[in-house]
Amino acid sequence: MQRITTGIIIFDQIEVLDFCGPFEVFSVTRLNEEQRREEPSPFQPVIVAENTEPVTTAGGMRVIPDYCFDACPELDILVVPGGWGVRKQMENPSLLQWLKTRGSTVQTLAAVCTGSMLLGAAGLLSGRHATTHWRSLDWMQTSFPDVTVERDQHVVIDGSLITSAGISAGIDMALTVVGIHCGSDVAAATARHMEYPFNTSNTRRI
């Protein structure tokens, strides 16, 4: 089975669930639930950062990336989480250039929470529909006036671009990606395995 290489970027002061939620979804997905222990996930999630030094999350967890930017393999999917560290990373030319380059080559480009702001700063949201954490919707509209900011949707799909609301919405975003690549039945089975409510209404939950 040719696995789907799924890069999840991390940086200092990232929100833990923003990247761990999608990682869990992609790692526990199975095409055949009856072979859960025998077969791997069709997705191969990898953690990518600017360098391979441990990254400290907003909650203090220390995470060792699998790859630095320069050594990162080709990706099929790129996920950009958010967190307080986004504000600093929006001024990081190395990260923004890497996102711009890699984001234009992947099959699916996705963001969780304020990770959408990084996509905007890299020029990847221009003329697109997108969303972010409810506290940052006005920030997104002010920062990127050519973006159509969706305020009522939990997950927003605009072609190959998928953005999602705050923090826990990354799980729904990842399940959406699973549905796109593997079918809705596999996505629903993945949610059931996680004992996570599969959101079919796509209405923002607050």
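Residues numbered from 1 in each chain as written. Predicted model: local features only at pLDDT ≥ 70, side-chain atom pairs only at ≥ 80, totals over all residues. Heavy atoms only, no water.

Chemist: Help me out: how do you make sense of the state of the cysteines in this one?
Modeler: Working definition of a disulfide: a covalent bond connecting the sulfur atoms of two cysteines. In total, this model carries zero disulfides according to the counting rule given. No disulfide involves Cys20; its sulfur sits 14 Å from the nearest other cysteine sulfur, which is in Cys113. Free cysteine: Cys68, not disulfide-bonded; nearest cysteine sulfur from Cys72 at 8.6 Å. (Disulfide = S-S within 2.5 Å.)

Chemist: Honestly, the packing of helix α1 (residues 16–28) against helix α6 (residues 169–182) in this entry has me stumped. Any pointers?
Modeler: To characterise two packed helices, one gives the angle between the axes of the helices and the distance between these axes. The interhelical angle for the contact between α1 and α6, taken along N-to-C directions, is 30°, at an axis separation of 8 Å. Relative to α6, the element α1 lies roughly parallel. Where α1 crosses over α6, the handedness of that crossing is right-handed. Across the interface between the two elements, Gly21, Pro22, Val25 and Phe26 of α1 pack against Gly170, Ile171, Met173, Ala174, Leu175, Val177 and Val178 of α6. Of the residues that constitute the contact of α1 with α6, the class distribution is nine nonpolar, two polar and no charged. (Axes fitted to C-alpha atoms, helices over the stretch in contact; angles between N-to-C directions. Helix = DSSP H or I, 4+ residues; strand = E, 2+ residues; numbered from the N terminus. Parallel < 35°, antiparallel > 145°, perpendicular 65-115°, else oblique. Left-handed = near helix turned anticlockwise from the far one by under 90°. Contact = heavy atoms within 4.5 Å. Nonpolar A, V, L, I, M, F, W, Y, C, P; charged D, E, K, R; others polar.)

Chemist: Explain the environment of Thr108 here, please?
Modeler: By the element assignment, Thr108 lies in strand β7 (residues 108–112). For Thr108, a relative accessible area of 6% puts it in the buried group. For the pair Thr108 and Gly159, spaced 51 residues apart in sequence, the C-alpha separation works out to 8.7 Å. Those residues within four positions of Thr108 in sequence are excluded, and the remaining contacts are Asp76, Ile77, Leu78, Ser160, Ile162, Val177 and His181. For Thr108, the side chain forms a polar contact with the side chain of His181, separated by 2.9 Å. (Buried < 20%, exposed > 50% of the residue type's maximum accessible area, 1.4 Å probe, protein only. Polar contact = N/O pair within 3.5 Å; in protein donor to acceptor, adjacent residues only side chain to side chain.)

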